[in-house]
Every structure is written in C-alpha cells, then in structure tokens.
Amino acid sequence: MQHTSCTEDRIHHALERCLHGLDRTISSNWKAGLCVNRWSLEELVSRDPHSFFILIEKILRKTQEVQEMCQYDLLVPLALMFYSATLRTPYFPPECKLLQKAYNIYHSLLTWPVPYCNVCKDLLTFIQDEMKAPGISFQRLVRAEQGLTTKNLQNKTITVLLLNSAEVSSEFAEVAEKISRSKHSLGTSHITLVKHMYQAVFGAKYSLNDIQSALESKTADELLDIFSNCSDVMEIAVAMKDSTQAREHLVNNLEEIKERFGLLPKTAQNVTVKLQTIPLPIANCYSYRWDKDNFDVLQEVLLKECEIPDIALLSLNDNDNDEEEFEEEEEEKTEDAIGNERDSVISTISVTSKDFMKSFVSNLSDYMDSGYIEDGDESSSETAGSSDHREEKHNTVGKKLTKKISDFFRARNSLTHKADPKYRLNKSFSNLSSCNLSSSTLPLRRAESLGCTEVKRKLPMKSRRSNSLPQHVTFNHHFERHLLHNTYFKRRPYLSFEDECKTMTLRIVVFGTDRILGRVARAYSNLRLQESKCPFLTKYFRMQFFYIPLQKNSLNSSAQFTSFSTDNQQRPCSQPDFSSVESTDQDSTNKIAQYIGMLDSWYERNILDLLTLPTTLLCQEPSKSENDLADREQEKLSILGDLILYYCRNAAYPVLVQLYQAELTLAGGEKRSEVFVYSLELGQSAATRAIKASGPGSKRLGIDGDREAVPLALQIAYCKATVSRRSQWNNVEKNCTSVNLSKACTKYDELESNTEYLHLSMTEVVKRQNSKSKKSYNQQISITKIKIDKVQIIGVNNTTFAVCLDQDEQKVLQSVTRCEVSVCYKPEDKVPQKLKGHTSFQMQQQPSKFYSLLCLPIVTFSGALP
C-alpha cells in the first residue's frame, strides 16, 4: 500500500508539471525544459502496467475540474494525455468502469466551442472502439505505420523526414537517420500485434512468452494467416453496435484461433503470468536531405511504397506536352468556330438592323413596367389589336435574330467550357436555364426586375422592363447578383480534396526556421500546380505537413533563446509577447512557429519549447534497464526522437497558414510570380543577404548598414488595414533604403483580426549628407510601420532593387523594377467560365469573394481557434 501511495503521488506531481503554465499564467522565461515533462511522465508510468489506471483516473479528475472552471487551454492537453495513456494500457478488465466514466465526461464537453468539441468528438469515437474491441486503436496505428496490409485492411501511413544541412545540426541529423534506419521485419511486427491483441482481450490469462514461442515456430505464410484472422475478428467486433456482444464475439473467435493454430501448449495455459507493457514500435520513416523548392523526392517514396502502373508514369512524364498540344488544338478550333459564327451573325445583323430597330423602338414604349409577364404570348394583350401587322413582322425578324445570337453563344460556350473542369456544373446550369425559358406550362413567372433568383442566361428580345434601365445593364446586374449568391469557393488547402476516401497517409515532417518553411510553401505551391494538371501524389496519398522549428546552427546553447528585456518581464503574465524572443543569429527567425504556438498551447509546450534546450540533452540516448523485457527487445529513442513520433501520431488538426504571392517585373521586362509565407525584404536588407550568401567573398565586398546605404526612389501604393475592412489606398513616394513585409502574427491581439494582414516597414531617408571628399551617408532615418493587406512598389525613373523571400539567401532576385504583393488565391484557370466573361472587373477588385485562399496546412494538436 505504501508503494502504491508513493507511485500515485509521483504520478500526480508529474501530471501537474505537464499542465504547469499551459494556461499562460507564467512568464515565458520560466518555461525552459517544460517540454520534457510529458516524456518524463510517460517514462514513469511505463515502468508498471498498473500505473496506467492511476494516471487515467488523475486525468479524468483533472478534466472535471477544468470543466467546472472553464479552463479551455487545459482541455486538449488532458484529452491527448488520456488518449496516449489509454492507447498504451495493457488491459482493461471487464469490471473496470474507467472508459465508461471517460465517455460520460467527454460527452458532456461536446457543448464547448470549436476546436474543443471536435477533439472530444474524436475522443468519444476512440473510447467506443476500445470498449467494443480492446486494443483496436493500437493495432490500427501499428498496422498503418509498419505497412502491414492484408486482403481486407489496406491502410498505410508513411513518414518522410526532410532535413536541410544548413538548418539541422549533425546531432539532430543522427537522430533522424536512426529513426529511418529502425526497420522491423514483417514477422516481428505480426508477432508483436498478436501478443498485444491477446493481452488486451484476455489480460494475464495467457503467457506472452509462450505465445511468442509458438508464433516464432510458424512459417511466414502461417504467421500472416494468423495475423489476418485476428485482425479481421477485431474489425468485425468494432463494427457491432452493442459493446457486450462485440467483446463476446472477440473472445470466442480469438479462443477458436488459438486452438486452431496451436498458439499455446496445453501444459502452459494455467500458469499465472504478469501483464507487460508493449511499447509502440518505431514507425517506418524515410529520411532525405532536402534543399529544393519542390517535392520531387516524394515521388521516389511513392514508387517504393506503391505498385504504380507504367501507364501512370508515362502519363506523368508526357502530361505537359499533351496538355500544350491539346490547348493549341482547342484554341484553333475555338477561333475558327467563333470566327465563322461571328461572320454569320454580323451579316445577319447588317441586313435586318434597319427594319428591326424601327419596330423595336416603336414597340418599346408599349410594354408595361409590370412585375409579371406572359410566357406564352410574344406580344402584350394591350397592343394586340392595334399593331397586328407590325407585331407579326417584328416577331419574324426578332425570332431569326434571337436564334442566330443564341446559336452563336451556344457554340462559343460549348467549345470554351468543354475543356473547363467545371463544365458539368455549367452545363447543368445552362440546361436548367434553357428548360425554364422554354417552359410554357406556367402562365406567369417573376420578372428579373424584381430580383428573382431564377436568372436566365439568354436575354429575350423584348425587354422585361420598360425604358427605366438599359437592357444590358439590367442583365449584367442580375447575372452578377446570381453569381455572388450561387458561386462560392471554400477557403481550404488545395491538396485536401477527397482525403477521406484514401487509404494511404503521407506525413511530411520538415525542420528549420522560417527560411525552410518558405521553401515548403513554394514547394507546396508548385505541387498544387502539378497535381491540378495531372494528379499523381494526391491520387494515392492523403498528405499531412508537420513543422518542427529549429534555430540555424545554434541549438547548442539554451541561454540565447530565453533572454528577455526588462520591459517584457513587467508585462502581464497572461499576455506574453513572442516578438521579444530573438535569437543571436538575426538571419533566421521562427515567427511562424511562435504564431502556431499562440494558437495551440500543446504545440508550444512540446514542439516550440524545444528551442529552450541544448541538442546534447535532446539527442542523448536513454539508458536501458536490464530487467525490462521491452527495453531489451526494442531500441529506445532519445527525447527528440520520441517527441517527433509523438507529434506525428497525436496531431490531427491543421492550422491554415496564409501564403502570399509577389508579382515581380525585372528590368528586362520579364515577369515572375513567387510565393512566400512570412517575409519579403526589398532593397538594402535583401542586398545584404545576397552578399552574405557569397561566403568568404562577403568580407571583400563589404556590408553597408542603413546609414551607408544608397536610398532608392520608390513609389509605394498600399491598402491599409482598417477595422471596417474597407479598402483604404495610399500612394506615396519615398526615398528608402529598405522596405520589408512580414506576416502580422507576433501578438495575441493580432489573432483576433484578419490573419491575412502584413506588416509594412519602410526605412526612409529623411536627410542625407552628401560629401565630395568622403563617402556620403544618411544623416536622418525614419522607420514607418503600417498594417496592410496588399502593396505595390515601383522604382521611380527605372530604379532597380533586390528582393529576398523568407530570409532565404538562395531566393534573392536582382534588378527588380516593380513588386506587387497580395495574398495567394486559387489560379484563374480553375474559375468557372461564366465568372470570367461577366464579372472580371469585380474579380480583380475583390478576388477573395470568388477565389479560395491558398494556405499551407500545418498539422497541430488542437487546430486554430475559431
């Protein structure tokens, strides 16, 4: 009893340390080392299988306290710790009510706001599955990570670690390579899962050592047959509605499999055994050295893991040439058809225009400004008797002209829309419109002048209104209203469509600073363009992006990441300012990671706080216990390796990080479009990075500061961010040494507003001292900071400047004369054709209403706050 009480106290204190500071009540300079508290708690609990029950009980009791106090920041960490503890619990006896208690608690939390209710909803599904088939979640996770597929189970999860030598230290690279080298044979994985399955269902009834000995004597085919039968039994049980019947089905069938395959000798079935903690095997990973702006390396992973038909590879290689030829042929056919139709229509109009215009003008005043019109008759009942001859002539000419114009636009739309991905939707809309137009069953229908939602594409010759508005103005107005109400593009990452139906998941883990995340953003943008033309990776994989921040070549010291100014220490503890945390290496930042940490406290604790510890501690291999069977059977990872796998296994909710596009015009007239995620530097700051990138030559070239830099004459037009979110454009001319743009994500109050805003920082030279005898310098400098959403920078009198994206020395463009920056939208070629023809002006003025935003989905533990 004394030993149990001591263990309970240690678990209680370890749990409190894990939650310490998550409610943001302590200053950030006291958070160093807190990221290892969760790892320490799991190491403590794994020593004794019965400790898991103590931990789960403590977590549930703490969750009830959190619910009473409405402490939102603590719910997700507690839910994740409950999931991890339940996943690794060896056995839940039938009389144990912990899972039912947990189900009741988390069910009562479904009324909490997003994202907390989503976490509770997923956790309830997990608890239900465990109550029906104990250990099913462990089985599914290991099967997917080890690639153990059967005839009925095809799910697979592949983890890819992308390492950049300029960002990752050698100690860290060794940890990543060790994870990728840890491969388990199919036989070993099958034996581990069968042992876990029998212990999760029967507890200490059967000896795991005897089961392992029996399984090791089987052939590979027999072992696969045993594993497949056991897995199918568990999946059938978890699909049942009643948990009691599910467990009975599971017990009976596993007993039958044990007898059929002789998994236990008869003399050993009554031996008393102890429960064993079976750890999660190291996931199968690939490690690559990555320094490109593309994800071509992922194609190699796909070819290794999947059986890709040769025809798919040929279509991938020849896709660009085929598309260009197809587009050229379609353009030629479209031009010829439109040209022929245009000649026919023009000739018809020239012949009939005189007679038709006379009859049209004479009849225009005869029509009433009514809310209803006749569908069956072409003429008004009030003028039928007085203008029979004139109406007959007008109807004949009008019908011919209407038919010609209708055929012309129908042919043009048909040729144009057939190559459009939205062709079927447009065709359905056109069919619906033409059906409504030709319908004669309804004697009356609403006129378009009353704002009817049934807007028609074809405009009848007779005006629905009198002469209150011009005909084309009335049509354009209502058609645009229809598009605004019926055309909507969801804001989401582009590579997320149809993810639920895919059986393979690709985890992409990147490490580094904002510089590396900028490369990921450009690679993601390029991948989106490639996949939109010819789906290859997204055809097979559900892609997830994980980001672990590292400071460039400076993980060996922890003091430099925890220095704060006196002013920041005096601020309220509930509002820590991440912008004050700067590394000694001013060339790289981790602002995006700090932004994600503000949204997700568990990400901040377990991932971002890695920057507070030295590499030697994180990469140190733990000592193995000679008495622990699990330690002897499986190689243990360092703290850093464990945190990487914990992040990949437990994070499931993405934070959409907005990407920005820079339209650049070079001195020779060449235009380029680039993508960045955090910062764009222009002028002296960009030129300085280019000089530093030259290596030893940078000392010979010399680096000038803002005081010695030559100012640039720039015309800057920016749209200032306002509370009302109305466009407020300003156009100024300034002599600046540098103009820098960065994502507005460094303070908590900025998370409440539009996260697509940018900070514009202009370093203006107010007074410059010119001298003939010595070098000129800037005597007075002014720095202006403004929050904007788009900006246009033009060099006055052919002034050129340098541009650097995301602090990347390899992404510096020289001799730029014009730079336009805005958020990234969906490419225009994916917009329905009717949007292009009728609302192009509005799309240019307010593209966010018509396009979806291009965002980089970084997977976190809780996702973004609403």
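Residues numbered from 1 in each chain as written. Predicted model: local features only at pLDDT ≥ 70, side-chain atom pairs only at ≥ 80, totals over all residues. Heavy atoms only, no water.

A. Examining unusual backbone geometry more closely. In this structure, the amide linkage connecting Val-114 to the following residue, Pro-115, adopts the cis form with an omega of 10 degrees. With respect to the helices and strands, Pro-115 occurs in the loop between helix 5 (98–108) and helix 6 (116–132). Phi is positive for Asn-798, close to 60 degrees, though the residue is something other than glycine. By the element assignment, Asn-798 lies in the loop between strand 14 (777–795) and strand 15 (801–805). Backbone geometry places Ser-815, a non-glycine residue, at a positive phi of 60 degrees. Secondary-structure assignment places Ser-815 in strand 16 (residues 812–823). Take Ser-815: its relative accessible area is 38%, and that puts it in the partly exposed class. (Helix = DSSP H or I, 4+ residues; strand = E, 2+ residues; numbered from the N terminus. Buried < 20%, exposed > 50% of the residue type's maximum accessible area, 1.4 Å probe, protein only.)

B. Main features of the nonpolar core. Counting 167 residues, the largest nonpolar core has Phe-82, Tyr-106, Tyr-198, Phe-295 and Phe-511 as the members making the most contacts within it. The element best represented in this core is helix 4 (residues 72–88), accounting for 11 residues. Leu-664, Cys-736, Leu-741 and Leu-853 belong to the second-largest nonpolar core, a separate cluster that totals 32 residues. (Core = buried A, V, L, I, M, F, W, Y, C linked by side-chain atoms within 4.5 Å.)

C. Broad picture of the pairing of strand 8 (residues 660–666). Among the seven residues of strand 8, six are classified as buried, and the element is accordingly described as predominantly covered. Hairpin geometry of strand 8 and strand 9 (residues 671–676) is characterised by an intervening segment of four residues between the two adjacent antiparallel strands and by a positive phi of about 100 degrees at Gly-669. Sheet topology places strand 8 next to strand 16; seven bridges connect them, and they run antiparallel. When the sheet's bridge partners are listed, Gln-661 is paired in strand 16 with Ser-822. (Pairing = 2+ DSSP bridges.)

D. Expanded view of the packing of aromatic side chains. Counting across every chain of the model gives 19 aromatic pairs. A centroid spacing of 5.4 Å and a plane angle of 85 degrees characterise the contact between Tyr-524 and Phe-545, whose relative ring orientation is edge-to-face. Here Phe-545 lies in strand 6 (residues 541–549) and Tyr-524 lies in helix 19 (residues 514–533), a separation of 21 residues in the sequence. Each member of the pair, Tyr-524 as well as Phe-545, is classed as buried. An aromatic cluster is defined as three or more aromatic residues linked by ring pairs; in this entry it consists of Phe-546, Tyr-603, Tyr-646, Tyr-647 and Phe-861. (Phe/Tyr/Trp six-rings, centres within 6.5 Å; stacked < 30°, edge-to-face > 60°.)

E. Representation of the packing of helix 3 (residues 51–69) against helix 4 in the model. Where helix 3 meets helix 4, the axes come as close as 10 Å, and the angle between the chain directions of the two elements is 160 degrees. In this view, helix 3 runs roughly antiparallel relative to helix 4, as classed from their interaxial angle. For the crossing formed where helix 3 meets helix 4, the hand is left-handed. In contact with Phe-52, Leu-55, Ile-56, Ile-59, Leu-60, Lys-62, Thr-63 and Val-66 of helix 3, helix 4 contributes Leu-74, Leu-75, Leu-78, Met-81, Phe-82, Ala-85, Thr-86 and Arg-88. Partitioning the contact of helix 3 with helix 4 into residue classes produces 12 nonpolar, two polar and two charged. (Axes fitted to C-alpha atoms, helices over the stretch in contact; angles between N-to-C directions. Parallel < 35°, antiparallel > 145°, perpendicular 65-115°, else oblique. Left-handed = near helix turned anticlockwise from the far one by under 90°. Contact = heavy atoms within 4.5 Å. Nonpolar A, V, L, I, M, F, W, Y, C, P; charged D, E, K, R; others polar.)

F. Region of interest: helix 26 (residues 639–650). For helix 26, built from 12 residues, the straight-helix expectation of 16 Å at 1.5 Å per residue is met to within 8% by its first-to-last C-alpha distance of 16 Å. Within helix 26 the residues assigned to the buried category are Ile-639, Leu-640, Gly-641, Leu-643, Ile-644, Leu-645, Tyr-646, Tyr-647, Cys-648, Arg-649 and Asn-650. (Expected span 1.5 Å × (residues − 1).)

G. Up close: the environment of Asp-129. Relative to the assigned elements, Asp-129 resides in helix 6. In sequence terms Asp-129 and Ala-239 are 110 residues apart; their C-alpha atoms lie 8.4 Å from each other. Leaving out residues up to four positions away in the same chain, Asp-129 has contacts with Ile-136, Arg-140 and Val-238.

H. Just the pattern of salt bridges, in detail. By the definition in use, this model includes 35 salt bridges. Glu-177 serves as the salt-bridge partner of Arg-289, at 3.2 Å between the closest nitrogen and oxygen. Taken together, the residues span a long stretch of sequence, with Arg-289 in strand 2 (residues 285–289) and Glu-177 in helix 8 (residues 170–181) at a distance of 112 residues. Judged by its relative accessible area of 52%, Arg-289 is exposed. Note on Glu-177: relative accessible area 28%, which makes it partly exposed. Here Lys-811 and Asp-293 are joined by a salt bridge, their closest N and O atoms 3.6 Å apart. A residue pair is termed long-range when its members are at least 10 positions apart, and Lys-811 in the loop between strand 15 and strand 16 and Asp-293 in the loop between strand 2 and helix 13 (297–305) qualify at 518 residues. Lys-811 sits in the buried class, given a relative accessible area of 14%. What you see here is one network of salt bridges that share partners, running through Asp-293, Arg-519, Arg-522, Arg-672, Glu-674, Asp-806, Asp-808 and Lys-811. (Salt bridge = Lys/Arg side-chain N within 4 Å of Asp/Glu carboxyl O.)

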